[in-house]
Amino acid sequence: MAEAKEAYISILEKKLAELTGIEVDQIKKNQFANAADEAVAIREMASYVEGIVVQQAGVAEAGTVSPQIAQMFAHINAELGEERGTHALPPLKYDFNALEPHISGMIMEIHHTKHHQGYINNLIAATKKLVEAEAANDVNAMNALLPAIKFNGGGHLNHTIFWTNMAPDAGGEPEGAIAQAIDDSFGSFQSFKDKFSAASVGVKGSGWGWLGYCPNHNKLEIATCQNQDPLQITHGLVPLLGLDVWEHAYYFQYKNLRADYVKAFFNVINWPNVNERYEKACKDAGH
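Residues numbered from 1 in each chain as written. Predicted model: local features only at pLDDT ≥ 70, side-chain atom pairs only at ≥ 80, totals over all residues. Heavy atoms only, no water.

By the naming in an unreviewed UniProt entry, the chain goes by superoxide dismutase and is assigned to Penaeus chinensis. Per UniProt, the comment on the chain under Catalytic activity (unreviewed entry) is "2 superoxide + 2 H(+) = H2O2 + O2". The chain has a UniProt comment under Function (unreviewed entry) that states "Destroys superoxide anion radicals which are normally produced within the cells and which are toxic to biological systems." (UniProt positions renumbered as here; feature names shortened; annotations may be inferred.)

Shown next as structure tokens:
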């Protein structure tokens, strides 16, 4: 694992030199180690999938397949229109450096092309193994794949929402239906901002801060998820606004000052996108 991390750090150092002209010896490697952590997690999950052995038909044990497997693919289909196993990296609607100075172009490029793509690669591999398990009716193997499908499927879904939740020349306060819903649910925009920020900063380890819609109570809620756990499966909330607080998303620029990164995020929130998601969620829920 240590060798893999060092190799990934070398790649990041080379990319940094290409994009900024900063020499490698001017940079402390621990600023890149956090980005390497996610790369290692992605590789470990790939090894986990490869290690699952599907039993031959007639040998596999019967049982109940976790419904979360189908739910994960259904949520991906609803967001991206992708059928199971046909996953691809969605293009950004803005340049990598378009969110500067709030989020650096280098972070955006590596985050999008390396990390997000890694989740997609693993999800495709897990799906292929799932098809094999289904053909053999190996329920144990199917359920053993659930952690990989949730981690990588969640990574694909969460990041897709995250990219659309941001835009250049954005931020400020929301308008339209989402603005009224925020006032109704939290009392004011400032109250929402304070609570969302506190929840996101307070995520232990790696994870996400979310603003979600509760279809049962027709209200907005703030929630957090660990690692890449999808909001809808974890809390039953429809995702409207997500903030990635894995350290790779901000460490190079903000070091260990997660609160500064969360504050900067409010300068790039694409409120029209959040409003569109909110109106669709209300309509789908019959409200």
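Still more ground to cover, so stick around.
A.B. asks: Which residues make up the nonpolar core, and what values do they have?
C.D. replies: Inside soluble globular proteins, nonpolar side chains tend to come together where they are buried. Core analysis: the largest hydrophobic core is formed by 67 residues, its most contacted members being M166, F192, L220, L241, Y261 and F265. Of all the elements, helix α6 (residues 146–164) adds the most residues to this core, at eight residues. Counting contributing residues per domain, this core is built from domain 1 (67–95 + 104–165) and domain 2 (177–285), each supplying no fewer than three. When residues no more than four places from it in sequence are discounted, the contact partners of F192 are I182, F186, L211, I222, L241, F266 and W271. (Core = buried A, V, L, I, M, F, W, Y, C linked by side-chain atoms within 4.5 Å. Buried < 20%, exposed > 50% of the residue type's maximum accessible area, 1.4 Å probe, protein only. Helix = DSSP H or I, 4+ residues; strand = E, 2+ residues; numbered from the N terminus. Domains from an automatic or database assignment. Contact = heavy atoms within 4.5 Å.)

A.B. asks: Lay out the packing of aromatic side chains with the relevant residues and their values.
C.D. replies: Applying the stated criterion across every chain, the model contains 17 aromatic pairs. For the pair F192 and F266, a centre-to-centre distance of 6.4 Å together with 65 degrees between the ring planes defines the contact as edge-to-face. In this pair, F192 sits in helix α8 (residues 189–201) while F266 sits in the loop between α11 (258–265) and α12 (271–284), placing the two residues 74 residues apart along the sequence. Owing to a relative accessible area of 0%, F192 belongs among the buried residues under this scheme. Aromatic ring contacts, followed pair by pair, group F162, W163, F186, F189, F192, F196, W208, W210, F265, F266 and W271 into a single cluster. (Phe/Tyr/Trp six-rings, centres within 6.5 Å; stacked < 30°, edge-to-face > 60°.)

A.B. asks: Outline the side chain of K150, listing residues and values.
C.D. replies: Considering the arrangement of structural elements, one finds K150 in helix α6. No salt bridge is formed by the buried K150; its nearest oppositely charged neighbour, D229, is found at 4.6 Å. In this structure K150 touches Q68, M72, G155, Q228, D229 and P230, once residues within four positions along its chain are discounted. (Lys, Arg positive; Asp, Glu negative; His and termini not counted. Salt bridge = Lys/Arg side-chain N within 4 Å of Asp/Glu carboxyl O.)

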